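Results of the structural survey
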Amino acid sequence: MTSLDIDIEAKPLTTTIHALSSLSWHNISFSTPTKQILTSISAHVPRGEILAILGSSGSGKTTLLNILAQRNQNGGKTTIGGDMWVNGGVRLTGEVVREVGTYVEQEDALLGSLTVRETLEFAARLALPDLSRALRAERVTTLLRAFGLTEQADTQIGTALARRKGISGGQKRRVSVACQIISMPRLVFLDEPTSGLDSAASREVISHLQSFARAHGMIIVCSIHQPSSATFGLFDKTLLLSRGKQIYFGRVGEVEEYFHRIGKPVGKGVGIADHMLDVTNVDFWGDEEEGNRHVEEMANAWSSSPEASTLEHLLTAPSPASASHLPRSSSRNHHSTFWHQILTLTHRTLLKSYRDPLAYTIRFFMYLALALLMGTTFLRLPATQSSLQSLTNAIFFGGAFMSFMQVAAIPSVLEDLVMWGREGTGRGGGEGLYGPGALLVSGGVVGVGFLGGIVVVVGVVSYWMIGFQPTAVGFWKYVMWLFLDLYAAESLVVLISAIIPIFVGALTITAFVNGLFMAVGGFLVSPNQLNVFWRYTFRYIDYQRYVFEGMMKNEFANRRYSCEGQRCIYDNPLAGEGYISGQTFLDQNGYGNVNEGKWVAVLLGIILGMKLLTWSIHPQPRAYTPNNHFTMAPKTFTKDEVASHKDPSGSGLWIIVDNEVYDLTKFADEHPGGKKILLRNAGTDASKPFWKYHNQAILNKYKAKLHIGSVGGGASSATPNTIVQSKTGTSTGGANPAPGKAASSKDSAEVAKIAKVPGAAQSVTSSSPKTSSAKAPAPGKGTLSGSGEVGVTPATSYAAPMPSGSKSTPVQDDEAEIQYFGDMNPYADPSWYQGWHSPYYKPHHHALRAEIREFVETEIEPFVHEWDEAKGMPNTIYEKMGQRGWLAGCLGVKYPTKYTDVRCKSVPPEKWDHFCELVITDELSRCGSGGVVWNLLGGYGIGCPPVLKFGNEEVKKRILPDVLSGKKRFCLCITEPDAGSDVANLVTSAKKTADGKHYIVNGEKKWITNGLLSDYFTVAVRTGGPGMNGISLLLIEKTMPGVTTRQMKCQGVWASGTTYVEFDDVKVPVENLIGKENKGFKVIMTNFNHERIGIIIQANRFARVCYEEAFKYAQKRKTFGKKLIEHPVIRDKFANMARQIEATHANLELVIYQMEKMGDVEAMLRLGGAVAGLKAQSTKVFELCAREASQVFGGLSYSRGGQGDKVERLYRDVRAYAIPGGSEEIMQDLMMRQGMKVAQALGAKF
Ligand SMILES: Cc1cc2nc3c(=O)[nH]c(=O)nc-3n(C[C@H](O)[C@H](O)[C@H](O)COP(=O)(O)OP(=O)(O)OC[C@H]3O[C@@H](n4cnc5c(N)ncnc54)[C@H](O)[C@@H]3O)c2cc1C
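Residues numbered from 1 in each chain as written. Predicted model: local features only at pLDDT ≥ 70, side-chain atom pairs only at ≥ 80, totals over all residues. Heavy atoms only, no water.

**Thoughts on the overall build of the protein**
The following threshold applies: The way it works is that DSSP assigns letters per residue, a run of H or I at least four long becomes a helix, a run of E at least two long becomes a strand, and they are numbered from the N terminus. Residues are treated as being in contact if the distance between any of their heavy atoms lies within 4.5 Å.
Within the protein, the regular secondary structure consists of 39 helices and 31 strands. Across the protein, contacts joining residues at least 24 apart in sequence account for 76% of those joining residues at least 6 apart.

Right, dumping it as structure tokens:
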């Protein structure tokens, strides 16, 4: 190892945080033998959304929540039907929920004596054992801030007995929720999270949840009772139930319109949630049948509504998603070791025991009082025969009473059990973070310390006061017996509390058992007289008896008692001397044969027995086995069954990949790699050869079509199946680990070398200084002018900004999030995805990123190859981008709220910035196809901005709403067969008609992106004399006669539709002039920065995609006995790619930051050169990476489809980025010329 080698030791990282995209359920029903509780309930919740399940009591909302969360539903007495799945096709099982989700109970389970911060810290220690202390602290700080608990961080939660008042109910709720999402589960179920809270506190809780769902791409499902309007408005969607029937599902904002439509309009001044509950609550109608009819009517209205059909369609349409998208919550698969659990729990129990009076303090004073009571009652008993009985009484009373009073420990033990129920494997299905072993050992360890202290004090006070045998050995033995007594009594309390975890029940039974032990111990009734039942049953397990007999032996065996000058009451060898031997007293009373060592061993055995019994009756850690009593019925096959399907023309051709069975009978002839290789692997487990030659995208693509079941009931990720009752009460199904590399331990170990921190999200505060100097004029300097393009003469006078010394106004620090997003391959994502600090990205960028990624992974990536080959793609994708509010934000301006009602889910318009557009374009480009990205953003992103910025207001109002919402399309027509780089020489003419109302346009435009698809054409035409001052821009509409388009045959970007456009006497109204006549060139120039930035983002992500694909391939392809990545020459290629990509991206972010700060014109002038240079840089890097990645893939990236698919396609797309939007030569030239102009304007002399 050289000094430069870094060997980072880390736990395996299998995180794919981004990957939970949706939760769906279809026709869920639930019944007991006597009652139908739920009937056909369906819904779909995508990532980042929060759903409210609403309904009056008894409507079935908690039952539904429990079914979704896979919690017990009365075991085998119930029947559950329907389908539940995540990511469009991964069956929702207990294992899946445990792996990626959490359930937050209605009741808070918190330790009252801990502070809010400590509570979260311990939750983090238990849930995130792999996270470093610093990162855990950051996570805690983030959650405190996110849930508005910073001010209460150091306040104790509070108990009934706490001296200081604790936090409020709403704050407790937030702490509970924060504790359970500390490991960033992707799926959160909350049972009535606002119950018991006032409306302000409820709103607070839901609002924090909402922002968390958005920022971290979680799916949150809450049952909720009666939310206020403000609280209800925070939910994205709502599902309304009444008497177990579905009354509504959909967006909260659409509820009002729905009820209006079905004839139950929301009254004036009535809250929507109130209305929903009012119209569905028939409990007080009196007439049961009438009530049922009413519910039935509304359920029918729902099932025949268009909303229900859309939902049905969504839920039943085949989905490309697959188990590979199943995420692993950031920490769930990193279980802490037993020792880590014990250490953490011991630390926490110590804190609690020290602070919580109920734990030990009360008991300490109680025992002290008991010691004083005994000491003063049996005060200074002399060693005489008349004290024999009193000493015996003192021994009995001390042991029995101390043991009895251990009932005081019950509240504390129950509190621990409740905590365990939430965090551990306790009743009700906790998070499974620790089992009963850790709970008992930690409690036991702390108990030894505290009880030890108590008995020493009790001993010191009482032993000498009473006058027991005055020797040190006698004293310490007494203390030992007391300790064993108390420890056994505490073990009994823990055992009984485990059996009956209810205070009054545990108290009653413990008191009874203690009474029983007192009665049969031998003191009250001599063992010889004790009835045989008690003698041979409870007397043997009566720990009080052993303590009593041990103490008796301790006191009497080695002591003699004076007969006080009278006749000795026991005949004994010392009677002649006037004493009674203590041994004689013991013999006479049946305690003569007590063997102290044996009794200690028996006591320890009883204690251990009670502990073991407690341990065994507690639910054990389930290692992610489902806790549900129902499961899906996947089709399962034995390996032999699969092996019998080897013949495509007979029994069929089946193979196994990662435990899943695929039927390739029909597909065999279509297999791009040929049929032969399939025949060779027919009937076998072909996982190894499959992963050797394919990547995840291939499996995703064909899974829905070819998957038929799984092997031997193992983990399956089949498309939804029907849920059936499991007779065994355990699931036969389970979530499939992400197939292929991600799932293998070998690969996890590989990844472990790369990243130390498990995927997780946490925020830090970083400062983002802003200046207010951007537009300050430069004193005494010349003016800077220019159009930003070759051959352009000054068009705009511009007061240049001050280069330095200008005033800067520091603004408050912004909160910047740090997140781990993606699969953490080095350099395969921008650094802010991989936990680097960044001043640019805020929580809404993170949320937007998650939103887009889900879309790309589920709706685009699996189909790219198909679309590219087909040289086109469905318009629905573009429409969806419009409906989701992304198109409207991709025009290089602030969010155009004036012309559209569509909004982006993650980012409110006022927060929209250039970085949002960067995130959208960058994430979209991960699909690895210039054609697809240009189909969606190409023409629109360059054709629409001129209209938006300079178009006629009437025209804008007419056309933009449809364009921004994805219904209509745009393209930009500048280039002509004879005018490309030299825009000013274009010849397409636009002559005004005599009446001045129209232009007649004639000419041809070439290589027009999206021309074929477009409704609107932003066209550069000549309206004046030669050169740039005779150019105008016109909006030409497809419907205008004389517009013809034809697709061009090109090298790359196939799906974008590169088009040849002709205009023959097209009559265009003058209102369609964009900007001023003959001033179109300036409009074209202002458009360039935005166009080029788009190209830069895409080109650099494509470079990354090439790098990433090749990097992944290099991990598995072996040559000369080594993986490709192990060859230094290949690593050098990756280093060359990565350093270029990273540098380009850093520069890109810097430039975008400048755009954010500068106005349009300033940006055009000052950044024109920088953007031009960066454009050339990005396309050159793209070219380099396409080439090098292709080399890494070898022949695989020369053939189309398969593993090298993306690289092969992107290689063909390279030129489509290097040429348009300003070719590389032009860009480099512009960079220098523009740079010099700016420098001169700022005072440079050269
Ligand atoms: C895939 C694709 C999509 C396109 N989409 C659109 C679109 O949507 N709308 C649209 O209007 N146009 C579009 N174009 C056209 C594109 O803008 C032009 O191709 C580009 O401006 C270059 O023009 P040209 O092809 O005529 O090359 P030319 O201008 O003829 O240049 C040829 C070569 O000479 C170099 N060169 C030219 N002048 C100089 C100089 N002064 N100094 C040094 N070198 C020079 C160039 O860099 C280039 O390498 C698209 C092109 C492609 C390939």
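Back to the text.
**Thoughts on the packing of helix α3 (residues 116-127) against helix α4 (residues 133-146)**
For clarity, the threshold we go by: Fitting a line to C-alpha atoms yields each axis, with helices limited to the stretch in contact; the angle taken between N-to-C directions then spans 0 to 180 degrees. Every angle not falling under 35 degrees, over 145, or within 65 to 115 is termed oblique; those three ranges are roughly parallel, roughly antiparallel and roughly perpendicular. Crossing handedness follows the turn of the near helix against the far one: under a right angle anticlockwise gives a left-handed crossing, and clockwise gives a right-handed one. Note that Gly is not counted as nonpolar here; it falls among the polar residues with everything else outside the nonpolar set of Ala, Val, Leu, Ile, Met, Phe, Trp, Tyr, Cys and Pro and the charged set of Asp, Glu, Lys and Arg.
For the pair α3 and α4, interaxial distance at closest approach is 10 Å and the crossing angle is 130°. In this view, α3 runs oblique relative to α4, as classed from their interaxial angle. In this structure, the crossing between α3 and α4 has a hand that is right-handed. Touching V116, R117, L120, E121, A124 and R125 of α3 are R136, V140, T141, L143 and L144, all from α4. Of the residues that constitute the contact of α3 with α4, the class distribution is 6 nonpolar, 1 polar and 4 charged.

**Focus on the site of the ligand**
Put simply, the test is: Throughout, the term near means that a residue has one or more heavy atoms lying within 4 Å of the molecule or strand in question. Whenever a nitrogen or oxygen atom comes within 3.5 Å of another N or O atom, the pair is scored as a polar contact, on the condition that within protein one atom can donate a hydrogen and the other can accept it, and that pairs from neighbouring residues in sequence are kept only if both atoms are in side chains. Each accessible area value is a Shrake-Rupley result obtained with a 1.4 Å probe; residue values ignore everything except the protein chains displayed when judging cover.
Within the structure, the ligand sits among 19 residues, and T975, S981, W1007, S1223 and E1225 are positioned closest to it. In the model, a nitrogen atom of the ligand is placed 2.8 Å from a nitrogen or oxygen of the L972 main chain. A distance of 2.7 Å separates a nitrogen atom of the ligand from a polar side-chain atom of T975. For the ligand, whose free accessible area comes to 960 Å², the fraction covered by protein is 65%. For the shell around the ligand, the secondary-structure elements that each account for two or more residues are α33 (930-950), β22 (970-973), β24 (998-1009) and α39 (1224-1241).

**Focus: a positive patch on the surface**
Worth spelling out the cut-off: Put simply, a patch holds well-exposed residues, over 30% relative accessible area, that have no salt bridge, with like charges counted together within 9 Å and Val, Leu, Ile, Met, Phe, Trp or Tyr side chains within 5 Å. One side-chain nitrogen of Lys or Arg within 4 Å of one carboxyl oxygen of Asp or Glu is enough to make a salt bridge. Here the positive residues are Lys and Arg and the negative ones are Asp and Glu; neither His nor the chain ends is included. We put the charge of a Lys on NZ, of an Arg on CZ, of an Asp on CG and of a Glu on CD.
There is a patch of like positive charges on the surface, built from K688, K692, R1117 and K1118. By secondary structure assignment, the location of K688 is in helix α26 (residues 687-693).

**Regarding the pattern of salt bridges**
Convention followed: Per-residue accessibility, obtained with a 1.4 Å probe over protein chains only, is compared with the maximum for each type, and a residue is labelled buried under 20%, exposed over 50%, and partly exposed between these values.
Under the definition given, this model contains 47 salt bridges. Linking E257 and R261 is a salt bridge whose minimum nitrogen-to-oxygen distance equals 3.1 Å. Taken together, the residues span about one helical turn, with E257 and R261 both in helix α8 (residues 255-261) at a distance of 4 residues. Judged by relative accessible area, R261 falls into the partly exposed class, the value being 38%.

**Here we look at the nonpolar core**
Inclusion rule: For this analysis, a nonpolar core means a set of buried residues of the types Ala, Val, Leu, Ile, Met, Phe, Trp, Tyr and Cys, connected via side-chain atoms within 4.5 Å. Where each domain begins and ends follows an automated or database-derived domain assignment.
Membership of the largest hydrophobic core comes to 181 residues, with the highest contact counts inside it found for W25, L64 and F189. At 16 residues, helix α17 (residues 472-499) tops the list of elements feeding residues into this core. Residue contributions to this core reach at least three from each of two domains, namely domain 1 (22-109 + 186-315) and domain 2 (338-617). Excluding its chain neighbours within four sequence positions, the residues that come into contact with W25 are I41, S42, A43, V45, L51, L64, L68, D83, M84, L239 and L315. Of all hydrophobic cores here, the second largest spans 117 residues; its members include V864, I959, L960 and A1163.

**What about the packing of aromatic side chains?**
Cut-off, in case you're wondering: Any two of the Phe, Tyr and Trp rings considered here, Trp counted by its six-membered ring, make a pair once their centres fall within 6.5 Å; the pair's planes then place it as stacked at under 30 degrees, edge-to-face at over 60, or tilted in between.
Counted under the stated rule, the structure contains 50 aromatic pairs. Taking 4.9 Å as the distance between ring centres and 45° as the angle between the ring planes, the aromatic pair formed by Y248 and Y258 counts as tilted. Residue Y248 is found in strand β10 (residues 245-251), and its partner Y258 is found in helix α8; the two are separated by 10 residues along the sequence. A single burial state applies to Y248 and to Y258, both of which are buried. Taken together, a centroid distance of 5.8 Å and an interplanar angle of 80° make the contact between F1182 and Y1217 edge-to-face. Here Y1217 lies in helix α38 (residues 1205-1218) and F1182 lies in helix α37 (residues 1160-1193), a separation of 35 residues in the sequence. Owing to a relative accessible area of 0%, F1182 belongs among the buried residues under this scheme.

**With respect to α3**
Stated precisely, the cut-off is as follows: By this rule the span expected of a helix is its residue count minus one, scaled by 1.5 Å.
Under the 1.5 Å per step criterion, the end-to-end length of α3 is 16 Å for 12 residues, consistent within 8% with the ideal 16 Å. The element α3 is extensively covered by neighbouring structure, given that 9 of its 12 residues are classed as buried.

**Examining a nonpolar patch on the surface**
Together, F338, W339, V441 and V445 make up a nonpolar patch on the protein surface, roughly 400 Å² of accessible area in all. Mapped onto the nonpolar patch, the elements with two or more residues apiece are α12 (338-355) and α16 (436-466). Secondary-structure assignment places W339 in helix α12. Looking at W339, the relative accessible area reads 61%, which means it is exposed.

**Observations concerning the side chain of T238**
By secondary structure assignment, the location of T238 is in strand β9 (residues 237-242). Looking at T238, its side chain comes within polar contact range of the main-chain oxygen of A52, at 3.1 Å. For T238, the contacting residues outside a window of four places in its chain are L51, A52, L54, F232, Y248, F249, G250, V252, V255 and M276.

**Some words on the state of the cysteines**
For clarity, the threshold we go by: The disulfide definition used here is simple: a pair of cysteine sulfur atoms within 2.5 Å.
Applying the stated criterion across every chain yields a total of 1 disulfide. One disulfide in the model links C563 with C568; its S-S distance is 1.9 Å. Given an S-S torsion of about 105°, the disulfide between C563 and C568 has right-handed geometry. Of the residues examined, C563 reaches a relative accessible area of 1% and is grouped as buried.

**Focus: the side chain of R1104**
Along the chain, R1104 falls in helix α35 (residues 1080-1116). Among the residues examined, R1104 registers a relative accessible area of 0% and is labelled buried. Of the polar contacts made by the side chain of R1104, one reaches the backbone oxygen of D829; its length is 3.4 Å.

**Overview of the confidence of the model for the protein**
Convention followed: What pLDDT conveys is the predictor's confidence in a given residue, as a value from 0 to 100.
In the predicted model, the protein carries a mean pLDDT of 82, and the fraction of residues at 70 or more is 85%. Low pLDDT (under 50) marks residues 1-18, which in the prediction has 47 contacts with non-local residues, meaning those over four places away or in another chain. Counting contacts from residues 318-334, a segment whose pLDDT is below 50, to residues more than four positions away or on other chains yields 87 contacts.

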